Amino acid sequence: MGAKKSHIWSTKKNLCASINVKYHCVMEGRDYHVIGLMSGTSCDGLDLAYCRLGWKEDHWEYQIISAETVSYSEGQRKELQELDQQSASRLIALDRSWGTWMGEQVALWCKKNPIAQVDFVASHGHTVFHQPQLGFTYQLGSPANLAVAAQLPVIGDFRSTDVAYGGQGAPLVPIGDALLFQQYAFCLNLGGIANISYEINGERLAFDICPCNLPLNILSQRLGSLFDAGGEQARLGVVHSDLLAQLNALAYYQEPPPKSMGKEWLESDFIPILKQFAIPVVDMMATVVEHEAIQIARIVNGWTGSVLVTGGGAYHTLLIERLKALAPEMQWHIPDDDLIQFKEALIFAFLGVLRWEMQRNALPSVTGAEKSSTGGGLYYY
């Protein structure tokens, strides 16, 4: 993808009090220029978003100046998908090499784009393990190697502090939803996993709802494609009622938030159910889409207002159609490509600004941690 056009949004300061976080930008009126990096569970590529962020009088303001996705090669994609099977020493080596590769991509991108100023890079990394119930989460892509390769300061490892306080370490994006996108009642991200963020009774809530692109991509690859563009294959299938019933009966959906899921849950609980059914792949895809729509609609039904939909699933027309049919009272807003593709990279850039300012960037109402915290380590080159 090429460079993206810029957009500006703002949000008011009064929301800060409602999420119990104080914001007092040390550099009032200062603009930060940050490159946000995001590698999602779908393993499609590294998102880079060059953003301007700043506190102006009574609100945070952002601008996505340019953005691009560096697609992974087939070899890189396979390597990422098999990371959880590596030995400890091999995983450490890959952590360093991937950090260097990410830094090289930043350096190359800065050379080919008119980027005059970068204060720092904010990198999410690529999640390999996510088991907060055991006290750990792990994102690949050494921030130290990234900083050296990019020759820029880097903020990384955003999730570990929250987990150390007993939290899920996820999702972290909702603080950006609250402070940058308060005009929407719900912020729904349809990535590898579908997650949602909203405010109720003055408190921000967010959690992972269900798998989204992860199982659909696995099924699509059985048909020879990396993903089901526009949901065209799923549209050819027929919903299988028994499979749908078993998916909807998974225990995770009865658990109250805060909660989050990782690839491990998909492999241990979700995929084994799919393997029990010898049905056409397109029927399996149609059933998974219906399952996802049911679980998402279950969260928003009974409410009114607008839903901001981002992530690759926003392009899955069948899924969007089913959401609109199952929750017709909601206003489903599909934004332009900037926000669909790069909202998470933008928000991690914003989390980096909060870390730079030594302000809280993880909400205990979202993660279940003992207290709010300032996550992220700072690495200089």
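Residues numbered from 1 in each chain as written. Predicted model: local features only at pLDDT ≥ 70, side-chain atom pairs only at ≥ 80, totals over all residues. Heavy atoms only, no water.

Moving on, we come to the overall build of the protein chain. Assigned secondary structure in the protein chain consists of 14 helices and 13 strands. The C-alpha radius of gyration computed for the protein chain amounts to 20 Å, which stays within 12% of the reference 21 Å derived for 381 residues, consistent with globular compactness. Principal-axis analysis of the C-alpha atoms places the extent of the protein chain at approximately 60 × 45 × 40 Å. Expressed as a percentage of its 381 residues, the buried residues of the protein chain come to 59%. A fraction of 74% describes how many contacts in the protein chain between residues 6 or more apart in sequence connect residues 24 or more apart. As presented, the protein chain carries roughly 15200 Å² of accessible surface, and 53% of it is formed by carbon and sulfur atoms. Side chains of the protein chain give 28 positive and 39 negative charges; the mean places of these two sets differ by 3 Å. (Helix = DSSP H or I, 4+ residues; strand = E, 2+ residues; numbered from the N terminus. Rg over C-alpha atoms; globule rule 2.2 N^0.38 Å. Buried < 20%, exposed > 50% of the residue type's maximum accessible area, 1.4 Å probe, protein only. Contact = heavy atoms within 4.5 Å. Areas by Shrake-Rupley, 256 points an atom, 1.4 Å probe, with all protein chains shown as cover. Lys, Arg positive; Asp, Glu negative; His and termini not counted. Charge placed at Lys NZ, Arg CZ, Asp CG, Glu CD.)

Moving on: the nonpolar core. As a rule of thumb, nonpolar side chains are buried together in soluble globular proteins. Grouped together as the largest cluster of nonpolar side chains are 51 residues, with contacts concentrated most on Leu188, Leu190, Ile196, Phe270, Ile296 and Trp332. At 10 residues, the largest contribution of residues to this core is made by helix α11 (residues 281–300). The next biggest cluster of nonpolar side chains, apart from the first, holds 39 residues, and it includes Ala122, Ile155, Leu172 and Tyr184. (Core = buried A, V, L, I, M, F, W, Y, C linked by side-chain atoms within 4.5 Å.)

Across all of its chains, the model carries 17 aromatic pairs by this definition. Here the aromatic rings of Tyr253 and Trp265 are separated by 6.3 Å at their centres, their planes lie at 75°, and the arrangement is edge-to-face. Pair noted here: Tyr253 is in the loop between α9 (241–248) and α10 (263–275) and Trp265 is in helix α10, with a separation of 12 residues, a long-range link. By the burial criterion, Tyr253 is buried, and Trp265 matches it. Among the aromatic residues, those joined into a ring-pair cluster are Phe186, Tyr198, Phe207 and Trp303. In this structure, Lys259 packs its charged tip against the face of Tyr252, placed 4.3 Å from the ring centre. (Phe/Tyr/Trp six-rings, centres within 6.5 Å; stacked < 30°, edge-to-face > 60°. Lys NZ or Arg CZ within 6 Å of the ring centre and 35° of its normal.)

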